[in-house]
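Here are the chains, one letter per residue:
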Amino acid sequence: MPPSFRAQLEAGKTVTGLILFTGSPMIVELAAAAGTDFVIIDMEHSALDLEPCAHLIRAADAAGITPFVRVPEVDAALIKKLLNMGAAGIVVPHANRDNCAAALRAVRYSPEGDRGACAIVRSAGYAPGDWGAHVSKANREVMVIPLIEDRETLADLDALVAMPGLDMFFIGPTDLSISLGVPHATFDEPAMSAALDKVVAAARRHGKHVMTTIGNKPDPEYGRSIAKRGVQAIVLGTDGHLFLDICQRLNAVKSG
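The following paragraphs examine the structure supplied in this document. (Residues numbered from 1 in each chain as written. Predicted model: local features only at pLDDT ≥ 70, side-chain atom pairs only at ≥ 80, totals over all residues. Heavy atoms only, no water.)

It is a probe the size of a water molecule, rolled over the atoms, that shows where empty space is left. A volume near 800 Å³ is recorded for the largest pocket. As for the largest pocket, its lining consists of 30 residues, and the residues nearest its centre are Asp 61, Thr 66, Ala 88, Lys 137 and Glu 141. Sorting the residues of the lining of the largest pocket by element identifies α1 (5-10), α3 (50-63), β3 (66-70) and α6 (131-141) as the ones contributing at least two each. With 4 residues, the single largest contributor to the lining of the largest pocket is α6. (1 Å grid on protein atoms, 1.4 Å probe; cavity = no way out; pocket = protein on both sides within 12 Å on 5 of 7 lines; lining within 4 Å. Points joined across faces, edges and corners; volume = space filled by probe spheres on them. Helix = DSSP H or I, 4+ residues; strand = E, 2+ residues; numbered from the N terminus.)

See below:
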């Protein structure tokens, strides 16, 4: 198995991921075969529900890459089910200190949170011999990843980044660019560039990490430039967007 997501970050490595809108475990396996390190199963914008999520998480585990889930909102009951399936973490849309605090409570077992205890679930190995060890590992390793998508979140950024238990901050360029008045701009645009620098600087001050997507400009050189600016986790785009892009390029044969 490859090094864990956290271990790669702590070693200073750049990791890559893919957002999943489709429910195909084969896409997860293909992403892993291509050298991708993690997937984010998107329950906010796609039609995916719990059953396909369970299969995608299993596929990620089998392929040796890390499965996260973006939830539509902080719903403790939904989060607990996803963690029981084996999700490695939860991505919180339109993050702020309040919903991140609620997510942290939902992902942690007592006494650090209020996640329900049950040994007969996948994440616990179906009745592990040492429940205490499972609780300790889960509370230490399950991630809550805030999506920074709003001007207001940027204004409160340092307080958010300082929160214990939050180790990775995901800049959502589409919503953030709209919030900043520059819809669909890349990080080459001045306001978006300043936002990226602000998040990276705050993360460095607190010993934390930054994630973002290059899906709105799928160019390796653009991705490398973002990594050089301090982003360790690069999301390549969504499976749907990438498939659409390659089909559009290949359809140029019609005009050849």
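Next comes the rest of the account.
Right, let's talk about the packing of aromatic side chains for a bit. Tallied over the entire structure, the rule returns 4 aromatic pairs. Ring centres 5.3 Å apart and planes at 80° place the aromatic pair Phe 5 and Phe 38 in the edge-to-face group. Taken together, the positions of Phe 5 in helix α1 and Phe 38 in strand β2 (residues 38-42) put the pair 33 residues apart, joining distant regions of the chain. On the basis of relative accessible area, Phe 5 is assigned to the buried category, the value being 4%. Take Phe 38: its relative accessible area is 0%, and that puts it in the buried class. With 6.1 Å between their ring centres and 65° between their planes, Phe 38 and Phe 68 make a pair best called edge-to-face. Placement of the pair is Phe 38 in strand β2 and Phe 68 in strand β3, with a sequence separation of 30 residues. (Phe/Tyr/Trp six-rings, centres within 6.5 Å; stacked < 30°, edge-to-face > 60°. Buried < 20%, exposed > 50% of the residue type's maximum accessible area, 1.4 Å probe, protein only.)

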